Amino acid sequence: MIHSPLETKALFHVGPVAISEPVIISWVIMALLVAFAVAVTRRLSLMPSKAQTVLELFVGVIDEQIRGTMQAEPSPYRALIGTIFVFILLANWSSLIPDVEPPTAHLETDAAFAAIVFCATIFYGIRTRGLFGYLRTFAEPTWIMIPLNVVEQITRIFSLIVRLFGNMMSGVFIAAIVLSLAGLLVPIPFMALDVLTGAIQAYIFTVLAMVFIGAAVAEGPQESPNSHNGK
Amino acid sequence: MEHAVQLISIFSAAMAVSFGAIGPAVGEGRAVAAAMDAIARQPDSAGTVSRTLFVGLAMIETMAIYALVVALLVLFANPFAK
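What you see is a predicted model; the values in this text were computed from it and never measured.

A few words now on the overall build of chain A. Counting secondary structure elements, chain A contains 8 helices and 2 strands. Each helix and strand of chain A, ordered N terminal to C terminal, gives the series β-β-α-α-α-α-α-α-α-α. On the principal axes, the C-alpha backbone points of chain A span a range of 70 × 50 × 40 Å. Among the 231 residues that make up chain A, the fraction classed as buried is 25%. Taking contacts inside chain A between residues at least 6 apart in sequence as the whole, the part at least 24 apart equals 64%.

What follows covers the overall build of chain B. A tally of helices and strands in chain B yields 3 helices and 0 strands. Counting helices and strands in the order they occur from the N terminus, chain B gives α-α-α. Projected onto the principal axes, the alpha-carbon positions of chain B cover approximately 60 × 15 × 10 Å. Counting only residues that meet the buried cut, chain B has 15% of its 82 residues in that class. Taking all contacts inside chain B whose residues are at least 6 apart in sequence as the whole, residues at least 24 apart take part in 83%.

Attention now goes to the interface of chain B and chain A. Taken together, the contact pairs 12 residues of chain B with 12 residues of chain A. Grouping the amino acids of the side of chain B that touches chain A by side-chain chemistry returns 11 nonpolar, 1 polar and no charged.

On to helix α2 (residues 50–70) of chain A. In this model α2(A) runs 30 Å from its N-terminal to its C-terminal C-alpha over 21 residues, within 8% of the 30 Å that 1.5 Å per residue would give. Of the residues trailing α2(A), A:Gln71 is marked for its positive phi of about 55°.

What follows deals with the environment of B:Gly27. Assignment of secondary structure puts B:Gly27 in helix α2 (residues 22–41). Here the alpha-carbon distance between B:Gly27 and B:Ile60, two residues 33 residues apart in the chain, equals 7.0 Å.

What follows concerns the pairing of strand β1 (residues 10–14) of chain A. All names here are of chain A. In terms of burial, β1 is a largely surface element, 0 of the 5 residues being buried. Taken together, the 4 bridges between β1 and strand β2 (residues 17–20) define a ladder with antiparallel strand orientation. Among the inter-strand pairings, Ala10 is bridged to a residue of β2, identified as Ser20. Linking β1 back to β2 in an antiparallel pair, the connection comprises 2 residues, with Gly15 at a positive phi of about 65°.

Turning next to the confidence of the model for chain B. The predicted coordinates should not be examined in detail at positions where pLDDT is low. Residue and element names in this part refer to chain B. Here chain B shows a mean pLDDT of 88. Residues at 70 or above account for 96%. Element-level pLDDT for chain B is lowest in helix α3 (residues 46–76), with a mean of 86, against a maximum mean of 95 in α2. Note on the complex model: pTM 0.82, ipTM 0.73.

Quick look at the confidence of the model for chain A now. All names here are of chain A. When pLDDT is averaged across chain A, the result is 85; 93% of the residues are at 70 or more. Averaged pLDDT values over the elements of chain A bottom out at 44 in helix α8 (residues 219–230) and peak at 93 in helix α3 (residues 78–93). Low pLDDT, under 50, characterises residues 221–231; the stretch is placed with 0 contacts to residues that sit more than four places away or in other chains.

Our focus in this paragraph is the nonpolar core. With 44 residues, the main nonpolar core has A:Leu160, A:Phe165, A:Phe205, A:Ala209, A:Ile213, B:Leu68 and B:Ala71 as its most contacted residues. Broken down by secondary-structure element, the contributors of at least two residues to this core are α1 (21–41), α2, α3, α4 (107–129), α6 (146–181) and α7 (188–217) of chain A together with α1 (2–20) and α3 of chain B.

Before going further, it helps to examine the packing of α2(A) against α3(A). Residues and elements named next belong to chain A. The contact between α2 and α3 brings their axes to 10 Å, and the two run at 115°. As the angle between them shows, α2 and α3 are arranged roughly perpendicular. For the pair α2 and α3, the crossing hand works out as right-handed. Touching Ile62, Asp63 and Ile66 of α2 are Arg78, Ile81, Gly82 and Phe85, all from α3. A breakdown of the residues in the contact of α2 with α3 according to their chemical character gives 4 nonpolar, 1 polar and 2 charged.

Conventions used here
Residues numbered from 1 in each chain as written. Chains lettered and ligands numbered in written order. Predicted model: local features only at pLDDT ≥ 70, side-chain atom pairs only at ≥ 80, totals over all residues. Helix = DSSP H or I, 4+ residues; strand = E, 2+ residues; numbered from the N terminus. Buried ≥ 20, exposed ≤ 12 C-beta atoms within 10 Å, placed from the backbone. Contact = placed C-beta atoms within 7 Å. Nonpolar A, V, L, I, M, F, W, Y, C, P; charged D, E, K, R; others polar. Expected span 1.5 Å × (residues − 1). Pairing = 2+ DSSP bridges. pLDDT = per-residue confidence, 0-100. Core = buried A, V, L, I, M, F, W, Y, C linked by C-beta atoms within 7 Å. Axes fitted to C-alpha atoms, helices over the stretch in contact; angles between N-to-C directions. Parallel < 35°, antiparallel > 145°, perpendicular 65-115°, else oblique. Left-handed = near helix turned anticlockwise from the far one by under 90°.

Structural data, given as structure tokens:
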């Protein structure tokens, strides 16, 4: 019997807090990322070592993506966007290690990421435009759109959750079903496809996060030609 | 009575996946055909076209994944089958 993909079993308890497998894998990935970043950035030099070259290449690519998608200077968003991308990529690819289920194949991890993106949208929107300026964007183009805009904010976050969860969970699920039906080597092509899906889904999640934050931030300059036309 | 709920759940899960896969399948077919056409006309831009195609396919495929998630919800997390 295949167990439900929607429930997570607690491995052990720390006080009242139940610790499950995705939590442990997430913390291991976080520790690896922090350790790598600290180890490389402690000895930065103008003649970069191999690891520093890799890191610089990576930061350069992320900066270029942010500049292209958000039409803004990447420095305020680099930490958030870059971390989301690297973490989701590693989490999706952690299924390559035997006996490890990717934490993104559980609904809670994806919901946490989407909650971060949701809060970041509001935070950057208020920081760039002020509280009333940000609230006024809900009443664009007219005040009739206010309920639709509010609903849109929530539904797009839900589709973000379900997109990542569904893709990763279906990969794990299909591998399990094929393994139970066929034999040892048959699921390998499906797992190879899963690697591609994991990379693409990490990219899509990051791009959509950039688009949402960019839309909250960049509506300022777009407003001025509108009001100009109104006069 | 409980038996009937489970029967209907399994049936509707199969229906959700089978009919939910039609639209994305048609969409993916059209997208791949258009990309093939573009690559055949301009082989130089094959890299850009295929990269955009992969992202677009993943977005289209998400629609089918939604149907799968609904089917799994009906099968595993059905509040009426308990």
